Amino acid sequence: MRVITGTARGRKLVTPEGIDVRPTTEKVKEGIFSAIQFEIEGAEVLDLFAGSGQMGIEALSRGASHAVFVDNSPKSLRCINENLKNTKLSRQADVVNRDSYDYIKLTAQKFDIIILDPPYRYGHIHKLLPLAKAKLNDGGFIICEYEKEAEQPTAPDGMTLKKTYRYGKINVSVFVKPLEDQE
């Protein structure tokens, strides 16, 4: 697994061992970042259930100003920190050892892009979307990755589904919170 483009292009990333983490494939990652390519520059990014941190790192490499990585697995936290060090993006990042639900409920910070890639088959996306919307700046995006068999998430009030992409066994839905003057 590597960073696809930007300042850390081509750098290898480590992933946690075991079946607990399911890294996003390069094809899916490229599709996601193509869909939001014009929204990344200067963005504040939240990578919930960060795993290896590859999604937030890709955003930083492509010009996001800052990223927060949230996970509570010691293996994942070690990988995120190692990947940030190897890509020389540590200064633009905060790594938070916390349950993703606790973090999204309690943080006062707002974000331009929120990435939700939780463990499959637990219905996390449906529970997290309204919480994430409350932490999203106007004009911001929530990116949800989930298994093909899962029910497609619905847009929380005040948001719209921009598009759902299908990549084999994986679906990605991109939601947008309109700018206040566009509602």
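Residues numbered from 1 in each chain as written. Predicted model: local features only at pLDDT ≥ 70, side-chain atom pairs only at ≥ 80, totals over all residues. Heavy atoms only, no water.

Draft legend 1. Region of the structure containing the packing of aromatic side chains. Tallied over the full model, the rule gives 1 aromatic pair. Here Tyr165 and Tyr167 contribute two aromatic rings whose centre-to-centre distance is 6.5 Å and whose plane-to-plane angle is 20°, an arrangement assigned as stacked. The two residues Tyr165 and Tyr167 agree in class, both being buried. (Phe/Tyr/Trp six-rings, centres within 6.5 Å; stacked < 30°, edge-to-face > 60°. Buried < 20%, exposed > 50% of the residue type's maximum accessible area, 1.4 Å probe, protein only.)

Draft legend 2. Quick look at helix 5 (residues 124-133). Inspection of helix 5 places His124, Ile125, Leu128, Leu129 and Ala132 among the buried residues, and these make up the whole buried set. Angular distribution of buried residues about the axis of helix 5 spans 125°; they occupy a single face of the element. Against the buried residues of helix 5 lie strand 1 (44-48), helix 4 (100-106), strand 4 (111-116), strand 5 (136-147) and strand 7 (170-176). (Helix = DSSP H or I, 4+ residues; strand = E, 2+ residues; numbered from the N terminus. Arc of directions from axis to C-beta. Contact = heavy atoms within 4.5 Å.)

Draft legend 3. Region of interest: the side chain of Ser61. Positionally, Ser61 belongs in helix 2 (residues 54-61). Looking at Ser61, its side chain comes within polar contact range of the main-chain oxygen of Thr5, at 2.6 Å. Among the polar contacts made by the side chain of Ser61, one reaches the main-chain amide nitrogen of Ala8 at a distance of 2.9 Å. Residues within four places of Ser61 in sequence aside, it is in contact with Val3, Thr5, Gly6, Thr7, Ala8, Arg9 and Leu89. (Polar contact = N/O pair within 3.5 Å; in protein donor to acceptor, adjacent residues only side chain to side chain.)

Draft legend 4. Highlighting unusual backbone geometry. A positive phi angle, near 50°, is found at Phe49, a position not held by glycine. With respect to the element layout, Phe49 can be found in the loop between strand 1 and helix 2. Unlike most non-glycine residues, Lys88 shows phi in positive territory, near 60°. Of note, Lys88 is situated in the loop between helix 3 (74-87) and strand 3 (93-97).

Draft legend 5. How the structure looks around the pairing of strand 2 (residues 66-71). In terms of residue burial, strand 2 counts as a mostly covered element, since 6 of its 6 residues are buried. Neither face of strand 2 is exposed, since His66, Val68 and Val70 on one face and Ala67, Phe69 and Asp71 on the opposite face are all buried. Direction of pairing for strand 1 relative to strand 2: parallel, over a ladder of 5 bridges. Each bridged residue has a counterpart across the sheet, and for Asp47 the counterpart in strand 2 is Phe69. What joins strand 1 to strand 2 is helix 2, and the crossover it makes is right-handed. Across 5 bridges, the pairing between strand 2 and strand 3 is parallel. (Pairing = 2+ DSSP bridges. Right-handed = clockwise from strand over helix to strand, strands pointing away.)

Draft legend 6. Expanded view of the packing of helix 1 (residues 26-35) against helix 2. Viewed as axis vectors pointing N to C, helix 1 and helix 2 meet at an angle of 45°, and their least axial separation amounts to 11 Å. In this view, helix 1 runs oblique relative to helix 2, as classed from their interaxial angle. Crossing angle aside, the handedness with which helix 1 passes helix 2 is right-handed. Where helix 1 abuts helix 2, its residues Lys29, Ile32 and Phe33 lie against Gln54, Met55, Glu58 and Ala59. Tallied by class, the residues present in the contact of helix 1 with helix 2 amount to 4 nonpolar, 1 polar and 2 charged. (Axes fitted to C-alpha atoms, helices over the stretch in contact; angles between N-to-C directions. Parallel < 35°, antiparallel > 145°, perpendicular 65-115°, else oblique. Left-handed = near helix turned anticlockwise from the far one by under 90°. Nonpolar A, V, L, I, M, F, W, Y, C, P; charged D, E, K, R; others polar.)

Draft legend 7. Molecular detail of helix 3. Compared with an ideal rise of 1.5 Å per residue, which puts 14 residues at 20 Å, helix 3 spans 20 Å between its outermost C-alpha atoms and is within 8% of the ideal. Next to the buried residues of helix 3 lie helix 2, strand 2 and strand 3. One or two positions beyond helix 3, positive phi appears at Lys88, with a value near 60°. (Expected span 1.5 Å × (residues − 1).)

Draft legend 8. Quick look at the sheet that holds strand 1. Reading across from one edge, 3-2-1-4-5-7-6 is the order of the 7 strands in this open sheet, with mixed pairing throughout. The open sheet is flanked by strand 3 and strand 6 (160-167), the only strands paired with a single partner. For this sheet, the mean inter-axis angle between neighbouring strands, taken without regard to orientation, is 15°. Contacts between helix 2 and the sheet are confined to strand 1, strand 2, strand 3 and strand 4, with strand 2 contributing the most and set at about 175° to the helix. Against the sheet, helix 5 engages strand 1, strand 4, strand 5 and strand 7, with an angle of about 170° to strand 5.

By themselves, these figures tell us nothing about what the structure is for.
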